[in-house]
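Residue-level listing of the chains:
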Amino acid sequence: MHQITTLSNGFRIVTEPMPGLASAAVGIWVTAGARHERADQNGIAHFLEHMAFKGTAKRTSLQIAEEIEDVGGYINAYTSREMTAYYARVLEADVPLALDVIADIVLNPAFDAREIEVERHVILQEIGQALDTPDDVIFDWLQEATYPDQPLGRPILGPAERIAKYGAADLRGFVAGHYGPGQLILAASGAVHHDRLVRMAEALFGHLSPLAAAPLHPARFACNERREVKALEQAHFALAIEGPGYRDPDIYTAQVYSGVMGGGMSSRLFQKLREERGLCYTTFAQAGAHDDTGSITLYAGTGAEDLAELANLTIDELRRATEDLTEAEVARARTQMKAGLLMGLESPSSRAERLARLLAIWGRVPSLSETIERIEAVDLAALRGFAEKLVGDGRVSMALYGPVEGAPTLEALRERLVA
């Protein structure tokens with residue numbers, strides 16, 4: 001059973017013990033990510049995440065790594081569009097050490113000029129690697145096409161020309177604007193003791209002054225196309241259809257729908273595009289959600305000569321789903337979703353992340369039984385209604401990369417969808 005405590009300054013602690021485990025996952029989740037950047041700050045949240053491990057007022061970068069690895073643990077971080085996380089996995093006795101290290105890197109980064117230059121080069125290499133990975137970069141381009149000229153549409157890594165200019169003052173400015181106690185969540189799971197963590201959190205974070213949350217720029221879904229022609233082995237094809245945000249009750253319907261369409265080997269797209277037609281090796285669908293918007297994303301990679309057929313068949317499968325979805329498909333997708341959730345919660349790291357994410361979204365952590373009830377409530381009628389709305393609205397964006405000269409236009413696909 002999870003427990004939540006909020007300190008007087010707004011800092012939140014959420015824990016969930018897992019009896020029988022000898023280890024724990026503990027971390028700080030910050031409700032600030034790429035979406036919270038100004039246009040002239042794009043990429044700075046991710047840059048800041050990298051710099052957290054490059055030394056503090058009392059630890060060098062080597063000492064940060066050694067202190068965790070000397071006790072057999074590991075430490076890592078990630079940046080998303082709406083959140084940044086710093087977390088570690090250690091044995092029960094080493095939880096105080098892990099939390100002290102994490103608090104240090106979050107609250108006291110040194111931003112040494114030499115280390116900034118080193119990490120700048122690392123990030124530029126990361127950007128280059130992403131650009132050389134078509135089935136990665138296409139999703140950044142799809143996001144940009146879907147949310148143009150908006151924080152939500154900018155790449156998490158940022159553009160190389162901006163990364164080349166950021167300095168210590170820029171990093172400190174982002175921290176000052178977004179790393180207040182109300183934006184920080186301490187989440188832990190496994191071999192943890194709530195009251196002990198609360199006492200540690202009070203000592204480490206209780207002195208922080210409250211900071212007002214920065215308002216989000218409202219998201220506006222746009223129906224745009226980005227087509228990048230390049231001599232690659234495969235043509236990469238991605239669609240985004242406007243869907244619900246994560247506070248919308250339809251989010252569970254969207255997730256079940258994406259499972260039916262492209263959630264596994266039995267899904268409609270896999271069966272039609274790969275098993276029946278042999279048009280691709282990889283295809284999938286997934287439901288993504290943000291604070292005030294979301295999308296159903298569909299992807300496939302294929303040969304240039306098969307791209308037009310693949311794109312049209314994908315649209316046809318979306319239309320067909322409005323007519324002949326079956327009870328068996330819905331039941332299978334619901335079961336896959338529940339199984340994925342339950343299997344994931346066998347990991348303390350996944351459980352801690354779930355605690356932080358749900359607390360950030362809802363201000364509470366819905367019980368597992370409540371979540372499963374919501375999944376179970378998605379029936380055939382709800383799914384058909386959802387599919388009909390997606391097709392009827394025709395709110396679609398598209399990204400193409402590779403030998404894509406012969407692909408249908410977005411307008412042609414939208415006309416086919418709503419015909």
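A look at the overall build of the protein chain
Item 1. Counting secondary structure elements, the protein chain contains 16 helices and eleven strands.
Item 2. Based on the C-alpha atoms only, the size of the protein chain along its principal axes is roughly 60 × 50 × 35 Å.
Item 3. Within the protein chain, the proportion of its 419 residues that are buried is 53%.
Item 4. The long-range fraction of contacts in the protein chain, counting pairs at least 24 apart against all pairs at least 6 apart in sequence, stands at 82%.
Item 5. Computed over 40 positive and 58 negative side-chain charges, the separation of the two mean positions in the protein chain equals 3 Å.

Thoughts on the layout of surface pockets
Item 1. As a volume, the second largest pocket reaches approximately 260 Å³.
Item 2. Residue lining of the second largest pocket: 17 residues in total, with Leu131, Asp140, Trp141, Pro155 and Gly158 positioned closest to the centre.
Item 3. Secondary-structure elements contributing two or more residues to the lining of the second largest pocket are helix H4 (113-131), helix H5 (134-146) and helix H6 (160-163).
Item 4. A total of four residues in the lining of the second largest pocket trace back to one element, the largest contributor, which is H5.
Item 5. For the lining of the second largest pocket, the per-class residue count stands at nine nonpolar, three polar and five charged.

With respect to empty space enclosed by the protein
Item 1. Evaluation of the coordinates by the stated rule reveals one cavity of 30 Å³ or more.
Item 2. Roughly 60 Å³ of internal volume is contained in the largest cavity.
Item 3. Around the largest cavity sit Gly259, Val260, Ser266, Ser267, Glu329, Arg332, Ala333 and Gln336, which together line it.
Item 4. Broken down by secondary-structure element, the contributors of at least two residues to the lining of the largest cavity are helix H9 (251-262) and helix H12 (327-344).
Item 5. By residue number, the principal contributor to the lining of the largest cavity is H12, which donates four residues.
Item 6. Of the residues belonging to the lining of the largest cavity, the class tally is two nonpolar, four polar and two charged.

What to know about the sheet that holds strand E7 (residues 225-229)
Consider a sheet: its strands pair through backbone hydrogen bonds, and that pairing is either parallel or antiparallel.
Item 1. In spatial order, the strands read E7-E11-E8-E10-E9; together these five strands make up an open sheet with mixed pairing. Sheet topology places E7 and strand E9 (283-289) at the edges, where each strand pairs with a single neighbour. Each adjacent strand pair in this sheet contributes to an overall mean axis angle of 15°, direction not counted.
Item 2. Sheet analysis places strand E8 (residues 235-243) next to strand E11 (residues 396-402), joined by six bridges and oriented antiparallel.

Focus on the packing of helix H3 (residues 95-107) against helix H8 (residues 194-205)
Item 1. At their nearest, the axes of H3 and H8 sit 11 Å apart, and the two run at 30° to each other. Judged on the interaxial angle alone, H8 and H3 are roughly parallel. Our pair here, H3 against H8, has a crossing hand that is right-handed. In contact with Val95, Pro96, Leu99, Asp100, Ala103 and Leu107 of H3, H8 contributes Leu197, Met200, Leu204 and Phe205.
Item 2. Of the residues belonging to the contact of H3 with H8, the class tally is nine nonpolar, no polar and one charged.

With respect to the sheet that holds strand E2 (residues 12-17)
Item 1. Reading across the sheet, the six strands line up as E1-E2-E6-E3-E5-E4 and stay open at both edges, with mixed pairing between neighbours. Strands with a single pairing partner mark the edges of an open sheet, and in this sheet they are strand E1 (3-6) and strand E4 (74-79). The mean inter-strand angle of the sheet, taken between neighbouring strand axes irrespective of direction, is 15°.
Item 2. Sheet analysis places strand E3 (residues 23-30) next to strand E6 (residues 184-190), joined by seven bridges and oriented antiparallel. If you follow Ala24 over to E6, its bridge partner there is Gly190.
Item 3. Sitting on the sheet, helix H13 (residues 348-362) touches E1, E2, E3, E4, strand E5 (84-91) and E6, and the angle it makes with E6 is about 145°.

A closer look at the environment of Asp324
Item 1. Take Asp324: it is sitting in helix H11 (residues 307-324).
Item 2. The exposure class of Asp324 is partly exposed, given its relative accessible area of 28%.
Item 3. For Asp324 and Gln143, which are 181 residues apart along the polypeptide, the C-alpha to C-alpha distance reads 30 Å.
Item 4. With sequence-adjacent residues up to four places away left out, Asp324 is seen in contact with Arg268, Glu329 and Arg384.
Item 5. A distance of 2.9 Å separates polar atoms of two side chains, one belonging to Asp324 and the other to Arg268.

Some remarks on the pairing of E8
Item 1. Counting buried positions over the nine residues of E8 gives eight, a clear majority of the element.
Item 2. Pairing between E8 and strand E10 (residues 294-302): nine bridges, direction antiparallel. Residue pairing across strands places Phe237 opposite Ala300, the latter belonging to E10.

What to know about the environment of Ala191
Item 1. When you line up the elements, Ala191 lands in the loop between E6 and H8.
Item 2. Ala191 sits 172 residues away from Pro19 along the chain, and the two C-alpha atoms are 7.0 Å apart.
Item 3. Setting aside residues no more than four positions away along its own chain, Ala191 makes contact with Leu21, Ala22, Ser23, Ala24, Glu92 and Val95.

Regarding helix H7 (residues 168-178)
Item 1. Taken residue by residue, H7 has Ala168, Leu171, Phe174, Val175 and His178 as its buried positions. One side of H7 holds all its buried residues, which, seen down the axis, span an arc of 130°. Turned more than 90 degrees away from the buried face of H7, the exposed residues are Ala169 and Ala176.

So, the nonpolar core
Item 1. In this structure, Phe11, Ile28, Tyr86, Ile105, Tyr179 and Phe205 are the most contacted members of the largest nonpolar core, which totals 52 residues.
Item 2. In terms of residue count, H3 provides more of this core than any other element does, eight residues in total.
Item 3. Setting aside chain neighbours within four positions, we find Ile28 in contact with Phe11, Thr84, Ala85, Tyr86, Ile102, Val106, Leu184, Ile185, Leu186 and Phe205.
Item 4. Within the second largest apolar cluster, 46 residues are counted, among which are Cys280, Leu310, Leu325 and Phe386.

About the thresholds
Residues numbered from 1 in each chain as written. Predicted model: local features only at pLDDT ≥ 70, side-chain atom pairs only at ≥ 80, totals over all residues. Heavy atoms only, no water. Helix = DSSP H or I, 4+ residues; strand = E, 2+ residues; numbered from the N terminus. Buried < 20%, exposed > 50% of the residue type's maximum accessible area, 1.4 Å probe, protein only. Contact = heavy atoms within 4.5 Å. Lys, Arg positive; Asp, Glu negative; His and termini not counted. Charge placed at Lys NZ, Arg CZ, Asp CG, Glu CD. 1 Å grid on protein atoms, 1.4 Å probe; cavity = no way out; pocket = protein on both sides within 12 Å on 5 of 7 lines; lining within 4 Å. Points joined across faces, edges and corners; volume = space filled by probe spheres on them. Nonpolar A, V, L, I, M, F, W, Y, C, P; charged D, E, K, R; others polar. Pairing = 2+ DSSP bridges. Axes fitted to C-alpha atoms, helices over the stretch in contact; angles between N-to-C directions. Parallel < 35°, antiparallel > 145°, perpendicular 65-115°, else oblique. Left-handed = near helix turned anticlockwise from the far one by under 90°. Polar contact = N/O pair within 3.5 Å; in protein donor to acceptor, adjacent residues only side chain to side chain. Arc of directions from axis to C-beta. Core = buried A, V, L, I, M, F, W, Y, C linked by side-chain atoms within 4.5 Å.

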